[in-house]
Amino acid sequence: MGAHLIHSRQELTLIGTMPENRNSPTAGTPDLSSYKAPRKGRGNAVNETTHAIREAILDGVLNPQAWLREESLATDLGVSRTPVREALNRLEEEGLIERGPGFGARVTALTIEDMSVVYLVRGSLESLAARAAAERGNAASLSDLRRIHERMVNVAEQGDTQAVSRVNIEFHRELASITQNTYLIRLLGTVESALRRFGSRSYSPERMHEIIEEHERMLVAIEKGNGAAAAEAAEQHAKRARVVTINNFIGDVHRP
């Protein structure tokens, strides 16, 4: 990683610690009642609770280092503390929360290392996906990818960063789906979850324009059946996203 992005392990720690906010260690747990799922039977309580807390983390409602109190979570989600406790066990295995003696459970912090590694993995996996899409994609699936891209162009013109974020996820999901490779789709799904934790802070008007151009280069190469060019465009897209996201994250932390 270039020196302009990071200088020391100490800076990593500082950047991994979000500024104090409404769900900091000194604040109460945010209200998660909007994530409450309709009960589908007692056997689904753990799965539904796990999904609800995971989505709250990925949406940024539960920020890095936010405390997770079983009683508050159980009340908000309409379940007992037993499924909450099991959900927290699962989320700890996924690396989304951490536990330790004397401080209970809290959302894991984001670090520059986390971001860097995720984008490097994304670049490698999506270059494979783009190549496969170019070499094996059919007309119908490529048409779907083009339509998603055009929708992203429209919402970007409106300046709706949240909509751009949602459509961007859809674009990358469709790209993975075209490969019809179960393992690649699963791995990219894991990467998507990690990327969602970074939020849409990198979606400035300039960056949205860049993303559209980068997607267009990928699409053109895929539509032409040029696997090598598609793979290169996908990898460069991930590299650029990595630099922009990390630099913006550093700016968020050091901004007064």
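The rules behind the values
- Residues numbered from 1 in each chain as written.
- Predicted model: local features only at pLDDT ≥ 70, side-chain atom pairs only at ≥ 80, totals over all residues.
- Heavy atoms only, no water.
- 1 Å grid on protein atoms, 1.4 Å probe; cavity = no way out; pocket = protein on both sides within 12 Å on 5 of 7 lines; lining within 4 Å.
- Points joined across faces, edges and corners; volume = space filled by probe spheres on them.
- Helix = DSSP H or I, 4+ residues; strand = E, 2+ residues; numbered from the N terminus.
- Nonpolar A, V, L, I, M, F, W, Y, C, P; charged D, E, K, R; others polar.
- Salt bridge = Lys/Arg side-chain N within 4 Å of Asp/Glu carboxyl O.
- Buried < 20%, exposed > 50% of the residue type's maximum accessible area, 1.4 Å probe, protein only.
- Axes fitted to C-alpha atoms, helices over the stretch in contact; angles between N-to-C directions.
- Left-handed = near helix turned anticlockwise from the far one by under 90°.
- Contact = heavy atoms within 4.5 Å.
- Pairing = 2+ DSSP bridges.
- Arc of directions from axis to C-beta.
- Core = buried A, V, L, I, M, F, W, Y, C linked by side-chain atoms within 4.5 Å.

Colleague: How would you explain the layout of surface pockets if you had to name every residue and give the values?
Modeller: Put simply, the second largest pocket is a space of about 440 Å³. What lines the second largest pocket is a set of 24 residues, and nearest its centre among them are Leu96, Val118, Thr190, Ser193 and Ala194. At the level of elements, α2 (45–58), α5 (112–136) and α8 (182–196) are the ones that each hand at least two residues to the lining of the second largest pocket. No other element matches the 7 residues that α8 contributes to the lining of the second largest pocket. Of the residues in the lining of the second largest pocket, the class split is 11 nonpolar, 4 polar and 9 charged.

Colleague: So what about the pattern of salt bridges? Which residues, and what values?
Modeller: The tally for this structure, following the rule as stated, stands at 18 salt bridges. A salt bridge links Glu70 to Arg85, with the shortest nitrogen-to-oxygen separation between them at 3.1 Å. Highlighted residues: Glu70 in helix α3 (residues 70–77) and Arg85 in helix α4 (residues 81–93), separated in sequence by 15 residues. Residue Arg85 is classed as partly exposed on the basis of its relative accessible area, which comes to 37%. Ionic pairing is found between Arg146 and Glu216, a salt bridge with its closest N-O pair at 2.9 Å. Taken as a pair, Arg146 in helix α6 (residues 139–157) and Glu216 in helix α9 (residues 205–223) lie far apart in primary sequence, 70 residues in all.

Colleague: Let's hear about the packing of α5 against α8: which residues, and what values?
Modeller: Their axes nearest at 10 Å, the elements α5 and α8 cross at an angle of 145 degrees. For the element pair α5 and α8, the recorded crossing hand is left-handed. In contact with Val118, Tyr119, Val121, Arg122, Leu125, Glu126, Leu128 and Ala129 of α5, α8 contributes Leu184, Leu187, Leu188, Val191, Ala194 and Leu195.

Colleague: Can you break down the sheet that holds strand β2 (residues 97–100) residue by residue, with the values?
Modeller: Strand order across the open sheet formed by 3 strands is β1-β3-β2, with antiparallel pairing between neighbours. The open sheet has two edge strands, β1 (67–68) and β2, and neither has a second partner.

Colleague: Let's hear about α3: which residues, and what values?
Modeller: Within an α-helix, residues lying three or four positions from one another point in the same direction, as the helix has 3.6 residues per turn. Among all positions in α3, only Glu70, Leu73, Ala74, Asp76 and Leu77 are buried. One face of α3 carries all of its buried residues, which in axial projection span an arc of 165 degrees. Among the exposed residues of α3, those oriented more than 90 degrees off its buried face are Glu71 and Thr75. Gly78, located one to two residues past α3, shows a positive phi value of around 70 degrees.

Colleague: Hey, could you go over the nonpolar core for me, with residue numbers and the actual values?
Modeller: The biggest cluster of nonpolar side chains holds 44 residues, and the ones touching the most others in it are Leu145, Val164, Leu175, Phe198 and Ile222. Elements that contribute at least two residues to this core include exactly α5, α6, α7 (161–179), α8, α9 and α10 (227–254). Considering every element that reaches this core, the biggest residue donor is α5, with 9 residues. Not counting residues up to four positions away in its chain, the partners in contact with Leu175 are Glu126, Ala129, Ala130, Ala133, Leu145, Met218 and Ile222. Leu32, Leu62, Ala87 and Val107 belong to the second-largest nonpolar core, a separate cluster that totals 23 residues.

Colleague: Describe in detail the pairing of strand β3 (residues 104–107), supporting the description with residues and values.
Modeller: Judged from the 2 bridges that link them, β1 and β3 form a sheet pairing that is antiparallel. The residue of β3 that forms the bridge with Trp67 is Arg106. When β2 meets β3, the two strands line up antiparallel, connected through 4 bridges. Following the sheet pairing, Ile97 is matched in β3 by Val107. Hairpin connection of β2 to β3: 3 residues between the antiparallel strands, including Gly102 at a positive phi of 90 degrees.

Colleague: Let's hear about the environment of Gly159: which residues, and what values?
Modeller: Along the chain, the position of Gly159 falls in the loop between α6 and α7. In this structure the C-alpha to C-alpha distance between Gly159 and Ser204, which are 45 residues apart in sequence, comes to 8.7 Å.

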